[in-house]
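Here are the chains, one letter per residue:
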Amino acid sequence: MSEALVQLQAPLDLHGDAADKGPRETAALDLLLFDLGRVTFALRAQQVEEVIAWRAPAPLPRVGPRVLGILQDRGRIIVIVSALAGPAAPLRIVVCRTPRGYLGLPAGKTRCVPAVQVFGELSPGAVVDTSEGTVTFLDVTHLLDAAEGAPQPVVAPREARAAGSGR
């Protein structure tokens, strides 16, 4: 790749799954837009593995309220986080690969739009104006932290279990 092309693409490079930092007055980004209820969300297209049809996840005991459950899809275990915009009926699951595994987001209509003009700061949860309308920007890394990573069942330490059983 030529030096000029590298310099041109560098400002748009995601640099892995790092969270967005700092203001951007205007940028052209490839985004996956999805609706849930009356809200339109945006994810960087590079963070999306694929979009699959909705299936009800299997519930997990003793996890936070943001985790709906898990489902298995083609050998992958996908953690489904709760709907971000209320009780809308999802049609699809946006599957994202993270450093800790796969994360699924319930979604309605989805569309991948190249070169969306973004006006404003791209911080997780920010509502920004774009050439496609107003969207709520999501960052998979931030969502994973908010959902406290992959679900981890709460298990009492061995000593506490033994004391509780009277042994």
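Residues numbered from 1 in each chain as written. Predicted model: local features only at pLDDT ≥ 70, side-chain atom pairs only at ≥ 80, totals over all residues. Heavy atoms only, no water.

1. Things to note about the sheet that holds strand β4 (residues 67-73)
- The 5 strands are arranged β3-β6-β7-β5-β4 in an open sheet whose pairing can be described as mixed. Each end of this open sheet is capped by a strand with a single partner; those strands are β3 (48-53) and β4. Averaged over neighbouring strand pairs, the angle between their axes works out to 30° when direction is ignored.
- In terms of strand pairing, β3 meets strand β6 (residues 92-98) through 5 bridges, oriented antiparallel. What sits directly across from E50, in β6, is V95. (Pairing = 2+ DSSP bridges. Helix = DSSP H or I, 4+ residues; strand = E, 2+ residues; numbered from the N terminus. Axes fitted to C-alpha atoms, helices over the stretch in contact; angles between N-to-C directions.)

2. What to know about the confidence of the model for the protein chain
- Considering every residue of the protein chain, the mean pLDDT works out to 75; 67% of them sit at 70 or more.
- Between the elements of the protein chain, mean pLDDT differs from a low of 40, seen in helix α1 (residues 3-9), to a high of 95, seen in β3.
- Contacts of residues 4-24 to residues separated by more than four positions or lying in other chains number 30 contacts, the stretch itself having pLDDT below 50.
- Counting contacts from residues 149-162, a segment whose pLDDT is below 50, to residues more than four positions away or on other chains yields 13 contacts. (pLDDT = per-residue confidence, 0-100. Contact = heavy atoms within 4.5 Å.)

3. Comments concerning the pattern of salt bridges
- In the structure shown here, the tally under the stated rule is 7 salt bridges.
- One salt bridge connects R55 with D73, and the closest N-O pair in it is separated by 3.0 Å. Separated by 18 residues along the polypeptide, R55 in the loop between β3 and β4 and D73 in strand β4 bring together distant segments of the chain.
- For R55, a relative accessible area of 36% puts it in the partly exposed group.
- On the basis of relative accessibility, which here comes to 10%, the residue D73 falls in the buried class.
- Each of E50, R55, D73, R74 and R76 takes part in one network of salt bridges that share partners. (Salt bridge = Lys/Arg side-chain N within 4 Å of Asp/Glu carboxyl O. Buried < 20%, exposed > 50% of the residue type's maximum accessible area, 1.4 Å probe, protein only.)

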